[in-house]
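# Topology and contacts: notes
In case you want the letters, here they are:
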Amino acid sequence: MRIECNVDGKALSLTVDSTKPLSLILMESLDIDSLKTHCGGNHCGKCMVLLNGKAVLSCLIPAFLIKDSNIITFDSFSRSRDFRDIERAYLNTGITPCKNCYASQTLLIEDILRRYENNEFPINNSEILQESTLIHCHCIDPSSFLEVVNAALIIRRKRNVRRA
Amino acid sequence: MYAELRSPNVHEPHNLAEFTNTIISYKDNATSLWAGGTYIMSQKDFYPSKSANVEIISLQNIEELKHFQRNDRFAEFGSMVSLSKIQSVGALLLPKVLIKTIDKTATTTIRNRITIGGCLCTPSFRTPLASTLMLLDANVEVRYLKKRMHSKWLGISRIYDKNGGLALLPNALLSRIRIPIQQFDYQYFNAAGSPLREANTSVSLAAVAKMEQSSISTGKMIITIPNKGFCQSRDIDNIFSSLQFPCDEGHLSSFFSYIITYIRENLGEIDQLQEVRLKGMLSEMINELNQKSLSV
């Protein structure tokens, strides 16, 4: 199946099996460094990417669903200004994920920030605590994850105010 | 080249008429309807697929399946509406027990991908969402092929057989789900374990009740054992409705023993962890009802 999509800002035309998981396409066909494992849909949470701006587990997305979509992996996200906000939150709180889940945790936090950055609603703690269970890694406990999200959200909102 | 030749064909109809044409064209081939894909992609042997000549019909682009409407009596969702969407649009409208069931189904990131139709049509395990919808007397519209395409409304329990297995015809499409808007004095839902990854140890309990002072006037409960089936019985509902609150440990134990005996007789032996989890949930529910009766 021929698929046109945009990965990390590059327009690509791929010929792949229509049901091949996105995680395998990124790892095998495109050599994306930030994805290291393929759990085969076991919900390990370590294959997070942003698909059209929303965090998804790439092992659950088949090739035919990425037609004409925009995919951002941690490789390109780590060069963006948005990443700096999350990096600063890690430094300010002293909580940093391990190297196995750093990419996925960061992209998940970015997705949460995008949900909350443009409105004044208080953060829904139970939702964030539930989200923290998505990535199966013991390096960050749910309360620390919540702390990082809160810190990152403050930094992001301040930046948005300055930009406005 | 190799990938292109071996790859399953994917059809993406844009409306129900196109879907019908596709189904009629490929009625003799192996077809697979694709909703959100979370369940299918989680199967161990999904990729690389052993059967290459499968026709996949993706329902993602069918506009009719993404609609939502409501009136005073019911809310109606197309089967391709995501659980996140149902939760956000129905937060103030739908019964709390349903909102809590959706909330416990998965994290927001996963719920964005899961559709209500896909969640009801998982063939190898039973989801708590299906049981909560049974409890609320929801109806579903099923479209099926018999010379031409027909559609009919069924009570949701009729799309499952007595063991909770999916009993839809091959290529049948669940197109709409209608949920009655009802008021209950007490609603309870709790689930332990993931039905997708730990079907053998997971269990959930949902209950609704209308109360009069310290007793239940109408009470219904349903237990989901993902690897065995749904446990819903008029006898259990009658015992539940006849409980007087505050209810002591003795009554709770005999009620629990009755439920376990019923499950063993009708669904078979369940895992010990499921039994312990179920007892915990039942005890939590009775405690809440005790508190409610004492605060009246």
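Residues numbered from 1 in each chain as written. Chains lettered and ligands numbered in written order. Predicted model: local features only at pLDDT ≥ 70, side-chain atom pairs only at ≥ 80, totals over all residues. Heavy atoms only, no water.

Moving on: unusual backbone geometry. The residue after Phe245(B), namely Pro246(B), is reached through a cis peptide bond having omega 5 degrees. You can see Pro246(B) is positioned in the loop between helix H9 (234–242) and helix H10 (249–266). One non-glycine residue, His43(A), adopts positive backbone phi at about 60 degrees. With respect to the helices and strands, the residue His43(A) is situated in the loop between helix H1 (22–29) and strand S3 (48–51). (Helix = DSSP H or I, 4+ residues; strand = E, 2+ residues; numbered from the N terminus.)

With that out of the way, let us pick up the packing of aromatic side chains. Using the criterion set out here, one finds 11 aromatic pairs over all chains in the structure. Centroid distance Phe74(A) to Phe83(A): 5.6 Å. Interplanar angle 85 degrees. Geometry classified as edge-to-face. Ring geometry for Phe68(B) versus Phe77(B): centroids 4.8 Å apart, planes at 25 degrees, classification stacked. A residue is classified by how much of its surface remains accessible, and Phe68(B), at 33% relative accessible area, is partly exposed. (Phe/Tyr/Trp six-rings, centres within 6.5 Å; stacked < 30°, edge-to-face > 60°. Buried < 20%, exposed > 50% of the residue type's maximum accessible area, 1.4 Å probe, protein only.)

Once that is clear, we can look at the sheet that holds strand S10 (residues 203–212) of chain B. Residues and elements named next belong to chain B. Strands sit in the order S9-S10-S11-S12 across an open sheet of 4 strands; the sheet is antiparallel. Only two strands of the sheet have a single partner each, and these edge strands are strand S9 (186–192) and strand S12 (229–231). Looking at each pair of strands side by side, their axes are set apart by 10 degrees on average, direction ignored. When S10 meets strand S11 (residues 215–225), the two strands line up antiparallel, connected through 9 bridges. When the bridges of S11 are listed, Lys-210 appears paired with Thr-218. (Pairing = 2+ DSSP bridges. Axes fitted to C-alpha atoms, helices over the stretch in contact; angles between N-to-C directions.)

To continue, consider the pattern of salt bridges. One pass over the structure, following the stated rule, counts 20 salt bridges over all chains. The salt bridge involving Glu28(A) is made with Lys20(A); its shortest N-O contact spans 3.0 Å. Take Lys20(A): its relative accessible area is 9%, and that puts it in the buried class. Residue Lys220(B) is joined to Asp137(B) by a salt bridge in which the shortest nitrogen-to-oxygen separation is 3.0 Å. (Salt bridge = Lys/Arg side-chain N within 4 Å of Asp/Glu carboxyl O.)

What follows deals with the sheet that holds strand S7 (residues 148–155) of chain B. Sheet strands associate in pairs through backbone hydrogen bonding, adopting either a parallel or an antiparallel arrangement. Residues and elements named next belong to chain B. Ordered in space as S4-S5-S8-S6-S7, the 5 strands form an open sheet in which the pairing is antiparallel. Edge positions in the open sheet fall to strand S4 (68–70) and S7, since each of these has one partner strand only. Across this sheet, the average inter-strand angle for adjacent strands is 20 degrees, counted without regard to direction. Pairing analysis gives 8 bridges linking strand S6 (residues 139–146) to S7, with the strands arranged antiparallel. In the sheet register, Leu-145 faces S7, and the bridge partner there is Met-149.

Take the state of the cysteines next. Note on terminology: disulfide describes a covalent bond linking the sulfur atoms of two cysteines. All chains considered together, the criterion is met by 0 disulfides over all chains. Here Cys39(A) is not cross-linked by a disulfide; its sulfur's nearest cysteine counterpart is in Cys44(A), at 3.6 Å. Just so you know, Cys121(B) is unpaired, no disulfide at all, and the nearest cysteine sulfur is the one on Cys119(B), 9.4 Å from it. (Disulfide = S-S within 2.5 Å.)

All names here are of chain B. Regarding helix H2 (residues 16–25), the residues found buried are Leu-16, Phe-19, Thr-20, Thr-22 and Ile-23. Looking down the long axis of H2, one finds its buried residues gathered within 165 degrees of arc, a one-sided arrangement. Contacts from the buried residues of H2 go to strand S1 (9–11), strand S2 (31–34), strand S3 (55–58), S6, S7 and strand S8 (173–180). (Arc of directions from axis to C-beta. Contact = heavy atoms within 4.5 Å.)

As a further point, take the domain arrangement of chain A. Residue and element names in this part refer to chain A. As assigned here, chain A comprises domain 1 (2–73) and domain 2 (81–163). Inter-centroid distance (C-alpha atoms) of domain 1 to domain 2 is 23 Å. Summed over both partners, the interface of domain 1 with domain 2 comes to about 1,000 Å²; 61% of that surface belongs to carbon and sulfur atoms. For the domain 1 face of the interface with domain 2, the top three residues by lost area are Lys-46, Met-48 and Leu-50, together amounting to 49%. The tally of links between domain 1 and domain 2 comes to 0 salt bridges. Summed over the shared surface of domain 1 and domain 2, the number is 7 residue pairs in polar contact (both at pLDDT 80 or more). For the side of domain 1 that touches domain 2, the secondary-structure elements that each account for two or more residues are S3 and strand S4 (54–57). Here the residues of the side of domain 1 that touches domain 2 sort into 7 nonpolar, 5 polar and 2 charged. (Domains from an automatic or database assignment. Buried area = accessible area lost by both parts, 1.4 Å probe. Polar contact = N/O pair within 3.5 Å; in protein donor to acceptor, adjacent residues only side chain to side chain. Nonpolar A, V, L, I, M, F, W, Y, C, P; charged D, E, K, R; others polar.)

Here we take up the environment of Lys96(B). Note that Lys96(B) resides in helix H5 (residues 96–105). As for Lys96(B) and Gln183(B), which are separated by 87 residues in sequence, their C-alpha atoms are 9.7 Å apart.

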